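Structural overview for review
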Amino acid sequence: MVRVTDLPEWQALQAHYQQIAPLHLRDLFCKDPNRAERFHLEAAGWFLDYSKNRITQQTMDFLVRLAKACGVEEARRQMFSGEKINRTENRPALHVALRNRSSQPIWVDGQNVMPQVQQVLHQMAQFAEKIRSGQWLGATGLPIRNIINLGIGGSDLGPAMAYEALKPYRHPKIQVRFVSNIDGGHLASALEDLEPAQTLFIVVSKTFTTLETIANATTARRWLLARLGGPELADRPQCPEARQIVARHFVAVSTQREAVAQFGIDAQQNMFGFWDWVGGRYSLPSAVGLSLMVAIGSDQFFQMLEGYHAMDQHFYTSPLHQNMPVILALLGIWYRNFFHAPTYAVIPYEQGLCRFVAYLQQLDMESNGKAATQEGTPAAWPTGPILWGDVGTNAQHAFFQLLHQGTHLVPCDFIGFARPTWSAVRQDYHQWFADHHDRLIANLLAQTEALAFGKPADQVRTEGVPDWLVPHHSFPGNRPTNTLLAERLTPYSLGSLIALYEHKIFVQGVIWQINSFDQPGVELGKQLASKILPELISPQQPPLGHDSSTNQLIRWYRQHRA
């Protein structure tokens, strides 16, 4: 494989960068007042304005040529065809099958996987309806009103983010909480005010061996048994009486029937499966989203899948120069590899997306935070950027000082909506909050304008500012942004937004020649933790074979833990 930096298309971009780098966005808009007409796109319910980027039409032409030279079109076909593009793990990355709303089959190893996908979705819908309608009763005969999702990584970030985003659509009598951290305080705070007889746990672990998840599930089982059956029962989770209680208050999302059954869960009825071609960070549309489906109902969950599917189809069928995920990916390449910007920020102007940046951090940095190419050679070029951000307008009062006047170039994605989310379900919303949304979006649009055009020193002086204060009141501008707008945050628009970023990240991985679908960097720390744990809790002083720093920290912890 030819190194990406050796491609003539890359070299052409390098030369083009030297020409365009000195240009200011003020100059680009002055020379082409209608550039917003050229640099915008609509797809799957989203409007993208990318005119406030440090680009010309020639820039985009060069970038598209690079994408073609790197085989983005062929890689796209391979992914949608079920080929084993996750080469280090020898399996497909076929999350698009989870939200395939067409009648078209999708094949893996000669088998159409869509009947399996549909069967699990049907099983999920039946279960969700039982909970929502009050048909599912706990061990004491009371209906379930509290759901605790026990998972970590993609088994937590996706459903937790989506639950927060789609709160206006949730069942009014059902609350869902998410526990991921092995820190006992996380589970303790989630359980603190709950009625055990009306609480159900969804244990989400593909292997049913995930350290954090199984530790939390085991403690949750003890808590439940102690309160519904007494302290003695909590110490005998395998006895028939205990297993009857557990069977009414635990379900599993996993692939390991034997381990699930051993825990006390009915693996035939109450285990929801998924497949090894589903990566954790892409798994929200699978059974991993069961807690979300319980909260918002199957109809709204399927609307989310429709949004995913619409963006999938746009990505799969649109030419590269009119393809929203491809355009965002190429702009990211432009800043990461030619402007050498190590980070980018995502700023949703919607409180419901308060967990969205955390979700994207895993999606992006676990996918493309790699230093080895597909061939196993070192990547001699920068790969995945650091992603960060927060919701507007909070972000404006936190880190926008750095964005506007700092020494770092930080490209930003701004996300907003024409209508407030809660107005879709609350009739009294406009009575109390009519002007809030207009103020919110005014801030969004003002920030992108300010970042792009700044406030030159000459303009500051004309306002009568003393010379010694002029540098403090000047804004350099020329800070690039993308603006993504949709009509309202709904299950559909959330699904299409997630798919947009998924495909963007995939395209960048193809260009960087890395595998976006494995995550070996997650494993080393886990392996070392399993070695350190017995050294922390051993009754006797254990022999320590770590470095001097780790040995010292283990001894300090052992001395103080009691």
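Scoring rules and cut-offs
- Residues numbered from 1 in each chain as written.
- Predicted model: local features only at pLDDT ≥ 70, side-chain atom pairs only at ≥ 80, totals over all residues.
- Heavy atoms only, no water.
- Helix = DSSP H or I, 4+ residues; strand = E, 2+ residues; numbered from the N terminus.
- Rg over C-alpha atoms; globule rule 2.2 N^0.38 Å.
- Buried < 20%, exposed > 50% of the residue type's maximum accessible area, 1.4 Å probe, protein only.
- Contact = heavy atoms within 4.5 Å.
- Areas by Shrake-Rupley, 256 points an atom, 1.4 Å probe, with all protein chains shown as cover.
- Salt bridge = Lys/Arg side-chain N within 4 Å of Asp/Glu carboxyl O.
- Pairing = 2+ DSSP bridges.
- Axes fitted to C-alpha atoms, helices over the stretch in contact; angles between N-to-C directions.
- Phe/Tyr/Trp six-rings, centres within 6.5 Å; stacked < 30°, edge-to-face > 60°.
- Polar contact = N/O pair within 3.5 Å; in protein donor to acceptor, adjacent residues only side chain to side chain.
- Arc of directions from axis to C-beta.
- Expected span 1.5 Å × (residues − 1).
- Bend = angle between axes of the 7 residues up to and from the residue.

Tallying secondary structure elements over the protein chain gives 24 helices and 13 strands in all. Since a compact globule built from 562 residues should have a radius of gyration of about 24 Å, the 26 Å found for the protein chain is in line with a globular shape. Dimensions of the protein chain, computed from C-alpha atoms along their principal axes, come out at roughly 80 × 65 × 60 Å. In the protein chain, which comprises 562 residues, the share counted as buried stands at 54%. Contacts spanning at least 24 positions in sequence make up 72% of the contacts within the protein chain whose residues lie at least 6 apart. For the protein chain, the exposed surface amounts to about 24,600 Å²; the carbon and sulfur share of it is 51%.

Let's shift gears to the pattern of salt bridges. Applying the stated rule across the entire model yields 19 salt bridges. Residues Asp 518 and Lys 370 are paired through a salt bridge, measuring 2.9 Å at the closest nitrogen-oxygen approach. In this pair, Asp 518 sits in the loop between α22 (491–512) and α23 (523–537) while Lys 370 sits in the loop between α16 (356–368) and β11 (386–389), placing the two residues 148 residues apart along the sequence. Neither residue differs from the other here; Asp 518 and Lys 370 are each classed as buried.

An order of β6-β5-β7-β8-β9 is seen for the 5 strands of this open sheet, with the pairing classed as parallel. Edge strands, defined here as strands with exactly one partner in the open sheet, are β6 (175–179) and β9 (271–272). Where strand β7 (residues 199–204) lies against strand β8 (residues 250–253), 4 bridges are found, and the strand directions are parallel. Bridge pairing in β8 places Phe 201 opposite Phe 250. Relative to the sheet, helix α8 (residues 184–191) contacts β5 (146–150), β6 and β7, its axis offset from that of β6 by approximately 170°. Of the strands in this sheet, β7 and β8 are in contact with helix α11 (residues 240–249), which crosses β8 at around 60°.

With that settled, consider the packing of aromatic side chains. If you walk through the whole model with that rule in mind, you get 29 aromatic pairs. Judged by centre distance (5.9 Å) and plane angle (80°), the ring pair of Phe 208 and Phe 263 falls under edge-to-face. Placement of the pair is Phe 208 in the loop between β7 and α9 (211–229) and Phe 263 in helix α12 (residues 257–263), with a sequence separation of 55 residues. As far as the burial class goes, Phe 208 and Phe 263 line up, both buried. Their ring planes at 85° and their centres at 6.1 Å tell us that Phe 400 and Phe 414 sit as a pair that is edge-to-face. In this pair, Phe 400 is assigned in helix α17 (residues 400–405) and Phe 414 in strand β12 (residues 412–417), connecting sequence segments 14 residues apart. What makes Phe 400 buried here is its relative accessible area of 2%.

Another aspect to go through is the environment of His 249. Inspection of the secondary structure assignment puts His 249 in helix α11. Taking the relative accessible area as the measure of exposure, His 249 reaches 0% and is therefore buried. For the pair His 249 and Ala 197, spaced 52 residues apart in the sequence, the C-alpha separation amounts to 8.3 Å. Ignoring any residue separated from it by four or fewer positions in sequence, one finds His 249 in contact with Gly 138, Ala 139, Ile 144, Pro 196, Ala 197, Thr 199, Leu 200, Phe 201, Leu 224 and Leu 228. In this structure the side chain of His 249 is engaged in a polar contact, spanning 2.7 Å, whose partner is the backbone oxygen of Thr 199.

Going from Gly 392 to Thr 393, the amide bond is cis rather than trans, its omega being 10°. Among the secondary structure elements, Thr 393 is positioned in the loop between β11 and α17. Positive phi, close to 50°, is recorded for Ala 44, a residue that is not glycine. With respect to the helices and strands, the residue Ala 44 is situated in the loop between β1 (40–43) and β2 (46–49). Even without glycine at this site, His 340 takes up a positive phi of about 60°. Looking at the element boundaries, His 340 is found in the loop between α15 (324–338) and β10 (343–348).

What follows concerns α11. Buried within α11 are the following residues: Ala 242, Ile 245, Val 246 and His 249. Axial view of α11: buried residues confined to an arc of 100°, hence all on one face. Across α11 from its buried face, at more than 90 degrees, point the exposed residues Pro 240 and Gln 244. Contacts made by the buried residues of α11 are with β7, α9, α10 (231–234), β8 and α12.

By the element assignment, Arg 54 lies in the loop between β2 and α4 (57–69). If sequence neighbours within four positions are ignored, Arg 54 has contacts with Ile 20, Ala 21, Leu 23, Leu 25, Leu 28, Trp 334, Tyr 335, Phe 339, Leu 409, Asn 478 and Pro 480.

What follows deals with the pairing of β1. Put simply, side chains in a regular strand alternate between the two faces of the sheet. Residues Leu 41 and Ala 43 point to one face of β1 and are all buried, whereas His 40 and Glu 42, pointing to the other face, are not buried. Where β1 lies against β2, 4 bridges are found, and the strand directions are antiparallel. Across the sheet, His 40 pairs through a bridge with Asp 49, a residue of β2.

With 15 residues, α23 should cover 21 Å at 1.5 Å per step; its first-to-last C-alpha distance of 22 Å lies within 8% of that length. Lys 531 marks the point of greatest bend in α23, at about 25°, and the proline Pro 534 comes within the next four residues.

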